[in-house]
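Descriptive structure summary
Each chain is listed here by its residues.
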Amino acid sequence: IRTGSNREYVLFQPEMRENELNNIRMFQALREDLVNDGFHLVLQPIVDLDYAQTFTEGECLIRWQSAELGFVPPDVFIGLAERTGTIIKLGRWIIEEACRELAAFIARGAPDNFKLHINISAVQLQQPDFSEHLLASIQRNELINSNICLEITESVLLQNSHEVIDTLNYLRRLGLSVAIDDFGSGYSSLSYLHLLPFDCLKIDRDFVSGIIDDQKSEAIIASVIMLSQSFGVPLVAEGVESAEMGEKLQGMGCEKAQGYHYSRPQPFTAWEPNDGTITVN
Ligand code: C2E
Ligand code: CA
Ligand code: CA
Ligand code: CA
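Residues numbered from 1 in each chain as written. Chains lettered and ligands numbered in written order. Predicted model: local features only at pLDDT ≥ 70, side-chain atom pairs only at ≥ 80, totals over all residues. Heavy atoms only, no water.

1. Section: the coordination of the calcium ion (ligand 2)
Here the calcium ion (ligand 2) is held by the protein donor atoms Glu59 (OE), Asn119 (OD1), Glu151 (OE) and Asp181 (OD), which lie 2.2 to 2.3 Å from it. Mapped onto the polypeptide sequence, the residues donating to the calcium ion (ligand 2) form the spacing pattern E-x59-N-x31-E-x29-D. Here the calcium ion (ligand 3) and the calcium ion (ligand 2) are spaced 3.8 Å from one another, each receiving a donor from Asp181. Of the two residues, Glu59 is situated in strand β3 (residues 57-66) and Asp181 in strand β7 (residues 177-183); the sequence distance between them amounts to 122 residues. There is no split in this pair, since Glu59 and Asp181 are both buried. (Donors = N, O, S within 2.8 Å, 3.2 Å for Na, K, Ca; no water. Helix = DSSP H or I, 4+ residues; strand = E, 2+ residues; numbered from the N terminus. Buried < 20%, exposed > 50% of the residue type's maximum accessible area, 1.4 Å probe, protein only.)

Right under this line is the structure:
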């Protein structure tokens with residue numbers, strides 16, 4: 001039986017049966033829905049804190065409405081897809097669909113230079129033909145490379161880190177950008193900043209949620225803001241849920257934000273671009 005990390009094996013125990021059965025059911029449903037159109041993408045704005053009414057950047061997030069299991073959150077099925085290797089096929093679908101949605105969005109009036117963030121799993125990034133497929137999707141949909149930002153986490157460094165770093169550098173030379181997601185939530189944050197090439201940092205929601213009444217969270221955010229400034233990259237605060245949080249972050253020097261206060265993730269078609277301007281709702 002495989003658990004969380006790829007290399008850990010534990011003996012089967014009776015109380016695990018229920019869980020394993022659920023996993024098998026979910027795995028089968030996942031595979032079936034890959035051919036049955038059970039997935040779609042939603043878009044959540046990333047705003048500039050200086051002018052948070054409109055946006056020209058956003059993150060796409062996957063949604064699975066399973067015919068058999070109902071709505072399953074990505075936190076639940078992405079891990080399973082990673083452990084079973086299904087993420088390779090699913091990940092290709094995500095990239096192609098993200099490019100298709102973005103091209104349609106631009107055709108409806110979104111700015112040509114809209115930046116779409118796509119979450120990329122470590123397993124996906126380790127595929128030797130990752131760049132080839134990604135660049136083909138961008139070209140097929142007549143986008144430009146700078147339309148795409150890859151969101152990765154430090155877990156990409158756990159295996160084949162040299163290859164991964166080469167891939168990221170290659171893609172950045174071609175104009176794509178790289179954001180480090182969930183920054184601060186791992187255990188080796190500072191050492192991987194040294195290894196990974198990146199153009200943007202995203203600070204984990206766990207710290208942002210404490211910005212108003214937890215001094216430690218505030219201190220961590222203040223130091224990540226300084227860090228991003230010394231690297232000369234923008235910092236995105238995730239999970240901003242109130243005007244008060246947004247104002248406090250802005251006052252501290254944070255450039256960008258994402259969260260329910262500005263907008264929930266919604267289907268691309270829920271936004272109506274007007275002369276290249278998209279208003280948050
Ligand atoms: P993440 O990349 O950190 O994505 C941000 C999550 O925070 C999203 O959850 C988003 O809906 C949620 N969120 C945004 N604003 C707020 C807020 O103000 N408050 C709160 N409480 N939550 C907020 P979601 O969509 O459920 O995704 C969960 C995780 O699943 C993502 O975390 C990411 O790790 C993974 N995921 C989602 N879509 C994809 C995908 O297309 N590919 C891959 N590989 N992973 C994905
Ligand atoms: Ca993300
Ligand atoms: Ca994140
Ligand atoms: Ca997260």
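2. Examining the coordination of the calcium ion (ligand 3)
Within the first shell, the calcium ion (ligand 3) binds the protein through Asp181 (OD), Asp182 (OD), Glu238 (OE) and Glu238 (OE), at distances of 2.2 to 2.5 Å. Between the donor residues of the calcium ion (ligand 3), the gaps in sequence give the motif D-D-x55-E. On the basis of relative accessibility, which here comes to 27%, the residue Asp182 falls in the partly exposed class. Note on Glu238: relative accessible area 11%, which makes it buried.

3. Notes on the site of ligand 1
Neighbouring residues of ligand 1: 21 residues in total, closest Gln44, Arg63, Arg205, Glu241 and Tyr260. The separation between an oxygen atom of ligand 1 and a polar side-chain atom of Arg205 is 2.7 Å. Taken by itself ligand 1 offers 810 Å² of open surface, and the protein chains cover 85% of this. The set of elements that each furnish at least two residues to the shell around ligand 1 consists of β3, α2 (74-84) and β7. Here the element with the most residues in the shell around ligand 1 is β3; it accounts for four residues. Classifying every residue of the shell around ligand 1 by side-chain character gives eight nonpolar, five polar and eight charged. (Near = heavy atom within 4 Å. Polar contact = N/O pair within 3.5 Å; in protein donor to acceptor, adjacent residues only side chain to side chain. Areas by Shrake-Rupley, 256 points an atom, 1.4 Å probe, with all protein chains shown as cover. Nonpolar A, V, L, I, M, F, W, Y, C, P; charged D, E, K, R; others polar.)

4. Considering the nonpolar core
Counting residues in each nonpolar core, the largest one holds 79 residues, and the members touching the most others are Phe77 and Leu90. With residues up to four places along the chain from it excluded, the contact list for Leu90 reads Leu34, Phe39, Ile62, Phe77, Ile78 and Ala81. Among the nonpolar cores identified, the runner-up in size contains five residues, and Ile46, Cys149, Ala179 and Val236 belong to it. (Core = buried A, V, L, I, M, F, W, Y, C linked by side-chain atoms within 4.5 Å. Contact = heavy atoms within 4.5 Å.)

5. Focus: the pairing of strand β1 (residues 39-45)
Burial within β1 is extensive, with six of its seven residues counted as buried. Relative to β3, β1 is paired through seven bridges, and the arrangement is antiparallel. Paired with Phe39 across the two strands is Trp64, which belongs to β3. When β1 meets strand β11 (residues 266-267), the two strands line up antiparallel, connected through two bridges. Residue Leu43 lies in a different strand from β11, and its bridge partner there is Gln266. (Pairing = 2+ DSSP bridges.)

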